[in-house]
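# Working through the structure, step by step
Take a look at the letters that make up each chain.
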2 protein chains.
Amino acid sequence: MGRRSDHSRAELERLIIAEGHAHMAENGFARFSAREVAKRIGYSIGTLYNVFDNYDRLILAINTYSFQLWTDHLNARLDGVEGDRIRALVEGYFSFARENTHIWMAIYDHHLPPDVEMPEEFALQRGELTGIVVREVAVVLPDHAKDRATTLARSLIATVHGHCTFALNGTFALMGETEPMETALARVRESIAAAQRDSRIRTD
Amino acid sequence: MGRRSDHSRAELERLIIAEGHAHMAENGFARFSAREVAKRIGYSIGTLYNVFDNYDRLILAINTYSFQLWTDHLNARLDGVEGDRIRALVEGYFSFARENTHIWMAIYDHHLPPDVEMPEEFALQRGELTGIVVREVAVVLPDHAKDRATTLARSLIATVHGHCTFALNGTFALMGETEPMETALARVRESIAAAQRDSRIRTD
DNA sequence: CCCGATAAATGATCAGTGTTCAATTAAAAT
DNA sequence: ATTTTAATTGAACACTGATCATTTATCGGG
């Protein structure tokens, strides 16, 4: 058939991402299939490849959408929390991963081949999550240490990420660790406290 | 052909792992192929599937071998270091990952399906790496806190792992972080210092 | 109203994958 | 020499990502 008025290019793109996302949630990265996504949306593989011209760009779009949901999840968790916003952040990181295991893992299971590049718009969307953390870390740092917020935030994300990874991939279970989230939070607290102390020394 | 005297079962197994490991190092998890490994060792796919009766068990064997090399790498790095053994540990973690990117990533790219279980021997081999870290962490903790070494070590491995992951998968580059290893070491130092302080308080 | 022009959608086709298993082959036992 | 045993094979199957000539529908102009 030719042009079908029931779906514009943009709509089709969103449809593919939505259905691809659902398929990823159900099957995970290893069993994901572009053909299956095509079936789900009721189009042929050809059409899917017209919109996303290769597998990696499709996965990239789906994973970027996951980042969007993750960002929303974090913001929702933070909204209205007056006291311990750092805890809310760590809990939000973990709970999204726990409630969307396949989705979360797919983000890190996929590695861009060197010949495919990340669209800038995607990189920006992914960066928003970092932005949230940077802002919250900045709040708990003393004035004279605010400039360290970005560096520290990136590192704390990595710390929490490592704990979250081991929690979901079974490494912690194998090691005997039973409360990964609380452990991650403890590490984050220690590093923030150290940063607070550091700057106090320099200010006194 | 029937039984060929040139390779015993055990030898064949080692040959497959060795050649599979080399193939993994060259191509990475996504482009790894059992067929290609069969070609490399000069046997048919059938033979390969007689030794490792599915793909996951083959990858499991290759990745466990990687853990063995990683453990050796860490021990070599630690050997003779009198002063800063914690730094040696973190540097060893990173340098192995950096020098064996595909190999290291494959360990975490592969997820065991629920119906395939990890052989106990493999789990033990993988646990040795943790053992090294636990011992070294115990050394720097005061006597009254030695019992916390295991818990803390697991958490510190996760911390370093998170930083290493972001260093290799491009997340840190995207964020602007340029010295992931030193950053990871800083976090580790803070947490060890906190553990040392904690126990001092309880002992005073 | 019809007819090109344009754009969207198709699916057979290709090269590759993991996996299976009846058939083959070689060695060992009798 | 013959049977038994075990290792090895590779064609076959159902799938995958990717391609692209072909078909199909819509639209603009005569």
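Nothing here was measured: the structure is a model prediction, and the numbers come from that model. (Residues numbered from 1 in each chain as written. Chains lettered and ligands numbered in written order. Predicted model: local features only at pLDDT ≥ 70, side-chain atom pairs only at ≥ 80, totals over all residues. Heavy atoms only, no water.)

## As for the overall build of chain A
When helices and strands are counted, chain A shows 10 helices and 0 strands. Its helices and strands in sequence order give chain A the pattern α-α-α-α-α-α-α-α-α-α, from N to C terminus. Summarising its shape, the C-alpha atoms of chain A cover approximately 75 × 40 × 35 Å along the three principal directions. Counting every position in chain A, which comprises 204 residues, the buried fraction comes to 49%. (Helix = DSSP H or I, 4+ residues; strand = E, 2+ residues; numbered from the N terminus. Buried < 20%, exposed > 50% of the residue type's maximum accessible area, 1.4 Å probe, protein only.)

## Quick notes on the domain arrangement of chain A
For interface size, the figure often reported is the accessible area lost on association. Residue and element names in this part refer to chain A. Taken domain by domain, chain A comprises domain 1 (1-53) and domain 2 (56-203). Centre-to-centre, using C-alpha coordinates, domain 1 lies 29 Å away from domain 2. Taken together, the 15 residues of domain 1 in the interface contact 13 residues of domain 2. Summing the contributions of domain 1 and of domain 2, the shared interface buries around 1,300 Å²; its carbon and sulfur component is 86%. Per-residue buried area on domain 1 facing domain 2 is highest for H21, M24 and F29; these three make up 47% of the total on that side. Our count for the domain 1 to domain 2 interface comes out at 0 salt bridges. (Domains from an automatic or database assignment. Contact = heavy atoms within 4.5 Å. Buried area = accessible area lost by both parts, 1.4 Å probe. Salt bridge = Lys/Arg side-chain N within 4 Å of Asp/Glu carboxyl O.)

## Comments concerning the interface of chain B and chain A
Facing 32 residues of chain B, the contacting portion of chain A comprises 32 residues. Applying the counting criterion to the chain B and chain A interface returns 2 salt bridges. Where E177 of chain A meets R154 of chain B, a salt bridge forms, and the shortest distance between an N and an O atom there is 3.9 Å. Joining chain B to chain A, the criterion identifies 12 residue pairs in polar contact (both at pLDDT 80 or more). Tallying contributions element by element places helix α8 (residues 149-169) of chain B first for the side of chain B that touches chain A, with 14 residues. Of the residues belonging to the side of chain B that touches chain A, the class tally is 13 nonpolar, 13 polar and 6 charged. (Polar contact = N/O pair within 3.5 Å; in protein donor to acceptor, adjacent residues only side chain to side chain. Nonpolar A, V, L, I, M, F, W, Y, C, P; charged D, E, K, R; others polar.)

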